Amino acid sequence: MSASRQNLIEVRVKRITYEAECINSYELVPAAGGNLTPFSAGSHIDLHLPNGMIRSYSLLNDPRERHRYVIAVNKDGAGRGGSGFVHDNLKAGDVIAVSEPSNNFALCEDAELSVLIAGGIGITPLLSMIRRLEAQGRRWKLFYAARTRRAAAFLDELQALRPCAGSSMHVDFDDERSGQVFDLAAIINAAPASAHLYCCGPVPMLGAFEAAAADRPIGHVHVEYFQAREAPATAGGFEVKLARSNRTIAVEPGQTILDALLAAGIAANHACAEGVCGTCETRLIDGVPDHRDQFLSKDEQAANKTIMICCSGAKSSALVLDL
């Protein structure tokens, strides 16, 4: 959400730790002391960075902890600058604002078995899930793929675990295979029908995961995207009519709906700007959207009841939004 619309928490960077090649973890504690807002496994927070960027990061620590939030940030040279800013500018002792935790990747805590599949930095929300499952004595299986051991964060921590009976961990590195490919379909096919499946990682992995799990019950398949699967809609050439404020805003070529609203001085909710986090979800009253997000399910997109204004556009000449 925009800073004006969201409850923010001031936190101090207590510790920055090297975790793997290009990956640091950041321990954040309440700047004023006391406890932080509780969170559940799979949650994320939005960092409101001093340069004006807002970026979402998964919480990786034990959900029972109230004294800190811990995130990990992969410095992505192909990204939009948020991770680079965090790595290059955030220092121990700095005070920044973060959102209260929210969860779009919730753990089903009563599943007989949780199958967790991570690619690279996608291990972060799954770490929190493992901690929760271990605390409950629930069975889990982790499949963790990375380019190299040097690029795999939290390996030591994971390998030090003594999993409860029936749980296990499997690691896979691109440079240590003997010609075999990380076989997502085989992992999913081997899971019992009652298992809940979770995947977080790069876009190609998530696409392969969703394809392999297509015949599973929708409620048993869980994904979290860290980046957009397709480019935002910036063709413009349409209007958005704001029902509550009785305003009409033109979306020009090269703009997203969010760009146009912010340029008009409208404090629209937003965070990731890629249609991943769900912060900018807005109720759609009329019109035909061009959905580009990874947050809504296919059924939710087909229903056309909401739209992610940071990345989605319009197939009609106008959209009427509940703003």
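Presented here is an overview of the structure given in this document. Note that the structure is predicted; figures quoted are calculated from it, not measured.

### Considerations on the pattern of salt bridges
Consideration 1: Counted under the stated rule, the structure contains 13 salt bridges.
Consideration 2: Arg149 serves as the salt-bridge partner of Glu176, at 2.9 Å between the closest nitrogen and oxygen. On the criterion of sequence distance, the pair formed by Glu176 in the loop between strand S9 (168-173) and helix H4 (184-190) and Arg149 in the loop between strand S8 (139-146) and helix H3 (155-159) is long-range, its members being 27 residues apart.
Consideration 3: A residue is classified by how much of its surface remains accessible, and Glu176, at 44% relative accessible area, is partly exposed.
Consideration 4: Looking at Arg149, the relative accessible area reads 43%, which means it is partly exposed.
Consideration 5: In this structure, the salt-bridge partner of Arg283 is Asp322, at a minimum N-O distance of 3.3 Å. Of this pair, Arg283 sits in strand S14 (residues 281-286) while Asp322 sits in the segment after strand S18 (318-321); the two residues are 39 residues apart in sequence, bridging distant segments of the chain.

### Things to note about helix H2 (residues 123-136)
Consideration 1: Between its first and last C-alpha atoms H2 spans 20 Å; for 14 residues at 1.5 Å apiece the expected length is 20 Å, and the two agree.
Consideration 2: Considered for burial, the residues of H2 that qualify are Ile123, Thr124, Pro125, Leu126, Leu127, Ser128, Met129, Ile130 and Leu133.

### Observations concerning the environment of Ser56
Consideration 1: In this fold, Ser56 is placed in strand S4 (residues 54-58).
Consideration 2: On the basis of relative accessibility, which here comes to 22%, the residue Ser56 falls in the partly exposed class.
Consideration 3: For Ser56 and Ile45, which are eleven residues apart along the polypeptide, the C-alpha to C-alpha distance reads 5.6 Å.
Consideration 4: Once residues lying within four places of it in the same chain are set aside, the contact partners of Ser56 are His44, Ile45, Asp46, Ala271, Cys272 and Cys277.
Consideration 5: Engagement of the side chain of Ser56 in a polar contact is seen with the side chain of Asp46, the distance being 2.5 Å.

### Observations concerning the sheet that holds strand S11 (residues 221-225)
Consideration 1: Spatial strand order, S9-S8-S7-S10-S11: five strands in an open sheet with parallel pairing. Both outer strands of the open sheet, S9 and S11, are each paired with one neighbouring strand and no more. Ignoring which end each strand starts from, the neighbouring axes of this sheet average 10 degrees apart.
Consideration 2: Strand direction decides the pairing type here: strand S7 (residues 113-119) and strand S10 (residues 196-201), joined by five bridges, are parallel. Looking across to S10, one finds that Ile117 is bridged to Cys199.
Consideration 3: Together, S7, S8, S10 and S11 form the strand contacts of H2, whose direction differs from that of S7 by roughly 155 degrees.

### Section: the nonpolar core
Consideration 1: Grouped together as the largest cluster of nonpolar side chains are 29 residues, with contacts concentrated most on Leu116, Ile123, Leu126, Met129, Leu142 and Tyr144.
Consideration 2: Take this core: its biggest share by element is six residues, from H2.
Consideration 3: The residues touching Leu116, leaving out its near neighbours within four places in the chain, are Leu126, Met129, Ile130, Leu133, Trp140, Lys141, Leu142, Phe143 and Tyr198.
Consideration 4: Leu197, Ala271, Cys272 and Val276 belong to the second largest nonpolar core, which has 25 residues in total.

Conventions adopted
- The residue count restarts for each chain, going from 1 along the sequence in the order it is written.
- The model is predicted, so local features are restricted to residues of pLDDT at least 70 and side-chain atom pairs to those at 80 or more, both for listing and for counting; the totals for chains, interfaces and linings are taken over all residues.
- For the side-chain quantities, the full set of heavy atoms in the structure was used; hydrogens and water were omitted.
- One speaks of a salt bridge when a side-chain nitrogen belonging to Lys or Arg is within 4 Å of a carboxyl oxygen belonging to Asp or Glu.
- Runs of E in the DSSP output that reach at least two residues are strands. Runs of H or I that reach at least four are helices, and both are numbered from the N terminus.
- Summary of the burial criterion: residues with accessible area below 20% of their type's maximum are buried, those above 50% are exposed, and those between are partly exposed, where the area comes from a 1.4 Å probe applied to protein chains only.
- In this analysis, the expected span of each helix is defined as 1.5 Å times one less than the number of residues it contains.
- We call two residues in contact when some of their heavy atoms are within 4.5 Å.
- Whenever a nitrogen or oxygen atom comes within 3.5 Å of another N or O atom, the pair is scored as a polar contact, on the condition that within protein one atom can donate a hydrogen and the other can accept it, and that pairs from neighbouring residues in sequence are kept only if both atoms are in side chains.
- DSSP-based pairing: two strands are paired if at least 2 bridges between them are found.
- Axes, fitted as lines to C-alpha atoms, cover a helix only where it is in contact. Angles between the N-to-C directions of the axes lie from 0 to 180 degrees.
- Here the nonpolar core consists of buried residues drawn from Ala, Val, Leu, Ile, Met, Phe, Trp, Tyr and Cys, with membership extended through side-chain atoms lying within 4.5 Å.

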